[in-house]
Every structure is written in structure tokens, then in C-alpha cells.
Amino acid sequence: MRPLTLDSLNPALLKVEYAVRGELAIKAEKYRVQLKDGDTSLPFDRVISSNIGNPQQKGLDQPPITFTRQIAALTEWPALAELAPDVFPKDVVARATELLSEIGSIGAYSHSQGVPFIRQNVAKFIEERDGYPADPNHIFLTTGASAGVSLMINMLISSPTSGILIPIPQYPLYTATLAQHHGQPIPYYLDESQDWATSIAELEQALDKAHKANIVPKALVIINPGNPTGALLSEETMTQIVHLCEKYSLVLLADEVYQSNLHRPSTHPFTSFKKIVCKLNSHIPLVSFHSISKGVTGECGRRGGYFECHNISEPVVALIYKMVSVGLCPPLAGQIGVDCMVRPPKAGDESYELWQKETRATHDALASRTQTMSDRLNGLPGVSCVPSPGALYLFPRITLSQAAITAARQNGKEPDVFYALALLDETGICVVAGSGFGQKEGEWHYRLTCLCPGVDEYVGKLETFHRGWVEKYGEA
């Protein structure tokens, strides 16, 4: 019998890379197992998973929102309302009852596009946020935002010359999905000197290079707030981006999953592309993505999200429906999580005071950690870090000496990967090297989350390691 080998599989899959769960994360997991098995030979007593925006992961421990968990409990086991009549607030019981009357059992398949009632609530959320109507029939509930992104990229890649503009640095989902579906990434570089701003001139230059390479640009990806940069777009820049999409007939893919992770909302507010497109009365095709995995909800494991299609024709929406129906439906637990995200308690509800306290505490903790971390990282020799106004990460730039670069090359590693591996080996802190997100030639970065509690100890380890690194390899 012929064995199953890599050579017998789809060759496109061999090109897929996803640094967030790559070499560093795999090694970190091995260390975690060693520690659990009682190994005391390591120079640290725990692994800190700063490589991924997974707020409720053990060790990061962002508290879940009580309201969301109570709704989840009562929809999983409705009898709890009677078995524990004094435990659940009245608005929680009413909400769970309402949802169950629309859903039935969460153990059954729902509509492939998502529970209609929940899609109606998503549409109301969008209307209240933006001031413009949303059509529930053009909203698709998904297994996290990633599933929607992958689906849309799959549908847009009509030939091996189809390309999609992606920001550099970018979330590796985009390059991985393009590789899987034989598409071409068209990179455009964000401007670190301007707090990771998006430049229209840079986008024009990227499009010109694509055309000269016989690549057909199909869509533009914008991540706002940015990942890994945390940058927020101004309305002026967003308007210019919409006009660019009009000029080049591009579909705009707006990744807005961090829209509620705002550390300085008074100076760096979030505005959706849906609002800008409607305000301009533009006819560009727009697909906007959101998720329950980020924000203060942080329910990554429930796998809930949605995307909204705007200015997308009915035949295309029908094709999207056909494609999602192949997967039957997104998880009901995730759909219910979406409903909790877009319909939080209101003032006067029994749950409101606790919900407000919990969400405010999470926002304050993230903003404080982000500021503390960026301030202290900027105090290190050869490190510069833009203080992120949004999302969950920092993306510091590290200037490496020639000795460090040579040592990395001798070990067959990219210099920032070599740095990150050494950081993990010495401190147990797992970050993601900047080369996994993309960066300019000759520059080196790493991404780390601002989710870790005990920020003084955590940053102290980063500082001690970096100073030891400089002592070993010298300054650039």
C-alpha cells in the first residue's frame, strides 16, 4: 500500500505559515509540559503566553463577563433558572428565555446564516453604532471572524493571478489563507514613523507594482484597530481609502474585531468603514468583520463572530449563503455570545451595574498595561515602541548588532526569531517574531500582548533579558 506523504497532498498547504502558533508557540508548549511534569531544570517556573490575543487563557486570566456566562449557563441548561431561582438576575432570565424561544435547543442546527433573531440584533447594533441601516439578510454569523475572512478570500481568488492588498505588518491569517487558495499577497507597508499610519501613496505604489507583475488586485484588507500595531485610522484616511477602492474597483475587507479595544478613545476613537461608506454614499463593495474573541468579551473558545455585506449584489450574497450552508451552521454557543456582545445590559437592568464595573475594569487594565509596557520598552537600548492606542498588542522594534545577526544566520534563524527563542529559553515569555507578520528589509520586531497580569514582573523580565542580550552581542 502506498503511504500517505506530504508529496501526495495539496501543494498549496505546504506554503501556509501561521507564526502565531508556529515554532515559538510549539516550543513554549513543550516547556509548559516539562514544568507540569515537575522539571526544575528550567530557569523559569511558568510559561507566559504573550504570543496570542487569547484573553481568558490560563496565565492571562482576563475575567469573563458575568452577564455573558449567565446567559450561556441558562441557554445550555434552562432548568437552572428553576433549580437556582435566586442566583440569576431577572434580566438574564428574561434574555435567556427570549433566546431559547427563538432558537429552541442549542444542540440543534440553526439557520446556516445564523439565528435570524440574533442577526436582527446585530443589524440593530450596527445601526445604533453608525447611524445607517443594516440588513439582517446581509449579515452572516460565523465561527469567529477568521472563518468569514477565509471564506471571502476564497471567493475572491478567481485565478492564480488574483491578488489582495494586505498591510505589512499584518495578521498572518491573511497570507496563510492566500497561500491556501493560490492567491497573491500585495503588500503595502504601514509607516512606523507616523505611528503605523496607512499611506495612500504607499497603497498606490503597491498597486502599481502589482499591475506591472500582471497581478489583478481584487480587494484591500484594512485592520482597524491594527494587529499587530494597534493603530487607529482617522476618518480623513478612511475617506481616502474608500475613494481609492472606487478608483481601482476594489472590494474593501474591513477587519474591525478590535473596535472596542480603545485605550485613548477621546483622542483615538473608532469609526467603522460602514459609516464612512454610507456617509460618502459610495458604492464600493464592503465586507466588515467582528468577533466575540476580543474586546472585553474575550470569549475566544466559543468561536463567535459575524460579517456584514454592504453594496454586495443579491446573487453574490446567495452564493455566500450556499458556501456557508456547506458547513451547516456556526456554533450556537458562539451565536449566543454574539447576541450578548451586541445587546449588553442597559442602564436600569439588574445586570447593568456589574457589567459596567467589569467592562470598565478590563478597559482600564489594558490601557494601563499598554502604557506601562511601551514606556519601559522605550527605555531600553536599541528598542523603540509605538504606544498603541488600540487592540491588545505592542510591536516594538529591536535594533540588532551585526554579531547578533551573524549568530542568528549561523543557527539558520531570522534574527528576530533568534531573539525571541532566546527570550523564551531564558524567561519563559513567548512572543511572536516580527518576521511572522512582515516588516521592511533589515528591520526586526516582535509582537507581545498587553494581556499579562503582573506587568511589573513581566516587563522586568523583558528588560533583564534585553540588557543581557546587549551585553552578549553588543549594541548596533
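Residues numbered from 1 in each chain as written. Predicted model: local features only at pLDDT ≥ 70, side-chain atom pairs only at ≥ 80, totals over all residues. Heavy atoms only, no water.

### Considerations on a nonpolar patch on the surface
- Together, Leu4, Leu6 and Leu9 make up a nonpolar patch on the protein surface, roughly 330 Å² of accessible area in all.
- With respect to the helices and strands, the residue Leu4 is situated in the segment before α1 (23-36).
- A relative accessible area of 72% means that Leu4 is categorised as exposed. (Patch = residues over 30% accessible without salt bridge, like charges linked within 9 Å, V, L, I, M, F, W, Y side chains within 5 Å. Areas by Shrake-Rupley, 256 points an atom, 1.4 Å probe, with all protein chains shown as cover. Salt bridge = Lys/Arg side-chain N within 4 Å of Asp/Glu carboxyl O. Helix = DSSP H or I, 4+ residues; strand = E, 2+ residues; numbered from the N terminus. Buried < 20%, exposed > 50% of the residue type's maximum accessible area, 1.4 Å probe, protein only.)

### Here's the deal with the sheet that holds strand β14 (residues 446-449)
- Strand order in the open sheet formed by 3 strands is β10-β14-β13, with antiparallel pairing between adjacent strands. The open sheet is flanked by β10 (393-394) and β13 (432-433), the only strands paired with a single partner. (Pairing = 2+ DSSP bridges.)

### Let's talk about the packing of aromatic side chains
- Tallying each qualifying case throughout the model produces 14 aromatic pairs.
- With a centroid separation of 5.7 Å and an interplanar angle of 80°, the aromatic rings of Tyr258 and Tyr393 are classed as edge-to-face. Of the two residues, Tyr258 sits in the loop between β6 (251-255) and α10 (273-279) while Tyr393 sits in strand β10, which places them 135 residues apart along the sequence.
- The exposure class of Tyr258 is buried, given its relative accessible area of 3%.
- Exposure remark for Tyr393: the relative accessible area of 2% places this residue in the buried category.
- Taking 6.0 Å as the distance between ring centres and 45° as the angle between the ring planes, the aromatic pair formed by Phe465 and Trp469 counts as tilted. (Phe/Tyr/Trp six-rings, centres within 6.5 Å; stacked < 30°, edge-to-face > 60°.)

### Overview of helix α2 (residues 66-76)
- Buried within α2 are the following residues: Phe67, Thr68, Gln70, Ile71, Ala72, Leu74 and Thr75.
- Among the structural elements, α3 (80-83), α4 (90-103) and α12 (332-342) are those in contact with the buried residues of α2. (Contact = heavy atoms within 4.5 Å.)

### Here's the deal with the pattern of salt bridges
- One pass over the structure, following the stated rule, counts 18 salt bridges.
- A salt bridge links Glu443 to Arg397; its shortest N-O distance comes to 3.5 Å. You can see Glu443 sitting in the loop between β13 and β14 and its partner Arg397 sitting in strand β11 (residues 397-398), a full 46 residues away along the chain.
- The structure contains a network of salt bridges with shared partners spanning Arg95, Glu98, Asp339 and Arg343.

### Details of the sheet that holds strand β8 (residues 305-310)
- The strand order β2-β8-β7-β6-β5-β3-β4 describes an open sheet built from 7 strands, whose pairing is mixed. On the outer flanks of this sheet lie β2 (139-142) and β4 (184-189), each paired with one strand and no other. When strand polarity is set aside, the average angle formed by the axes of neighbouring strands in this sheet is 20°.
- The sheet contacts of helix α5 (residues 116-130) involve β2, β7 (286-291) and β8, and relative to β2 the element is tilted by about 115°.
- Lying on the sheet, helix α8 (residues 200-212) is in contact with β3 (162-168), β4 and β5 (216-223); it crosses β4 at an angle near 150°. (Axes fitted to C-alpha atoms, helices over the stretch in contact; angles between N-to-C directions.)

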